[in-house]
Amino acid sequence: MPGTPLVRPAPPVSPVSPVPLVPPVTSEPSTPPTRPGSARPALSGLADLPAPPGSRALPGSRGLPGSRGLPGSRGLPTLPVLPALRELLPRGGLARGSVVAVAGFGLLALALLAGASAAGAWSAIAGIPETGVLAAVGLGLDAERTLLVPDPGTAWPLVVASLLDGCELVLLRPPARVPAPARQRLEATLRRGHGVLVVAGDWPGAQVRLRVVTQGWTGLGDGHGRFRACCAEVTADGRGEAALTRTRWLWLPAEDGSVTLAEPPDIPAADIPAAGLPDAASVRHLRTVGGLALVSG
């Protein structure tokens, strides 16, 4: 008697349509052609450009824009800045195609971006992972129009060039030493795209240089209290029309977090060592005078 089969035949399976691995592509408007020699697609905006590696938008960002720049501002020679900063800049704003160097990263560097960002310009911050998002937004930066690239890596010149092709303002902290060819290529990108590069640090040949000479914090008492506002002396100089040194006292920040001009009664100028003296240039000290904790040098 034949034995019972160990494996029973499988029941017939009704045919099933295969699931495609790649969903069908829907028809979309074609991308305009690229102009010869142009780094940007013709008549296209940031939405058509690849995002730089490692970039992300500030919290609340809706993504990249469909058109680049401030509405109706492409023909204007400058980008707007906060009212408190206008007297420090030769044209009362940030000249397109220029480099503005700020001695070190701090609130002053972020404040330079705030005016144009609040007016609708796209901006980017590269190479500064410690950027304070709340401080930036408090100054007026639009979180929905600001890109962050905490670490652009060794190819940072290419990343910054890509950002300059899509943003009108880029804040960069470059490596300690910038090779001359990389610097020259970025400056050429600036002139072609009419953007502004704000550098936190040194940049040979920058059109405008700004630095905080002295600052005093309010809120400190005799061994107690907390920092509430900072009154800072800011100087600006540079090349060409910016060669004349300008000096202004600013609340950087004021008690409400904004950047405003300091009124004469608030300026502790009489208690600060005269500029140019050896001790004022080489000594950094903290002392309390009239409610201000002064830091100079």
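Everything in this summary refers to the structure shown in the same document.

Calculation rules
- Residues numbered from 1 in each chain as written.
- Predicted model: local features only at pLDDT ≥ 70, side-chain atom pairs only at ≥ 80, totals over all residues.
- Heavy atoms only, no water.
- Core = buried A, V, L, I, M, F, W, Y, C linked by side-chain atoms within 4.5 Å.
- Buried < 20%, exposed > 50% of the residue type's maximum accessible area, 1.4 Å probe, protein only.
- Helix = DSSP H or I, 4+ residues; strand = E, 2+ residues; numbered from the N terminus.
- Contact = heavy atoms within 4.5 Å.
- Salt bridge = Lys/Arg side-chain N within 4 Å of Asp/Glu carboxyl O.
- Disulfide = S-S within 2.5 Å.
- Expected span 1.5 Å × (residues − 1).

### Here's the deal with the nonpolar core
Reasoning step 1: One finds Leu85, Leu94, Leu171 and Leu210 to be the most contacted residues of the largest nonpolar core, which totals 40 residues.
Reasoning step 2: Of all the secondary-structure elements, those providing two or more residues to this core are strand E4 (99-102), helix H1 (107-118), helix H2 (133-139), strand E7 (169-172), strand E8 (196-200), strand E9 (208-220) and strand E10 (225-238).
Reasoning step 3: Excluding residues within four positions of it along the chain, Leu94 makes contact with Pro77, Thr78, Leu79, Val81, Leu89, Val100, Leu112, Leu169 and Val196.
Reasoning step 4: Val159, Ala161, Leu163 and Cys167 belong to the second-largest nonpolar core, a separate cluster that totals 23 residues.

### Concerning the pattern of salt bridges
Reasoning step 1: Evaluated as defined, the whole model comprises six salt bridges.
Reasoning step 2: Here Glu241 ties to Arg91 by a salt bridge, and the two come within 2.6 Å at their closest N and O atoms. Taken together, the residues span a long stretch of sequence, with Glu241 in the loop between E10 and strand E11 (246-251) and Arg91 in the loop between strand E2 (78-79) and strand E3 (94-95) at a distance of 150 residues.
Reasoning step 3: The salt bridge partner of Asp237 is Arg209, with a shortest N-O separation of 3.4 Å. Of this pair, Asp237 sits in strand E10 while Arg209 sits in strand E9, and the two are 28 residues apart along the sequence.

### Let's talk about the state of the cysteines
Reasoning step 1: This model, assessed by the stated rule, comprises zero disulfides.
Reasoning step 2: Here Cys231 is not disulfide-linked; the sulfur of Cys230 is the nearest cysteine sulfur, at 7.3 Å.
Reasoning step 3: Taking the relative accessible area as the measure of exposure, Cys231 reaches 0% and is therefore buried.

### Notes on H1
Reasoning step 1: Taking 1.5 Å of rise per residue, 12 residues should cover 16 Å, and H1 covers 16 Å from first to last C-alpha, within 8% of that figure.
Reasoning step 2: Most of H1 sits inside the fold, with 10 of its 12 residues counted as buried.
Reasoning step 3: Buried within H1 we find Leu108, Ala109, Leu110, Ala111, Leu112, Leu113, Ala114, Gly115, Ala116 and Ser117.
Reasoning step 4: Of the residues flanking the end of H1, it is Gly120, one or two places downstream, whose phi is positive at about 115°.

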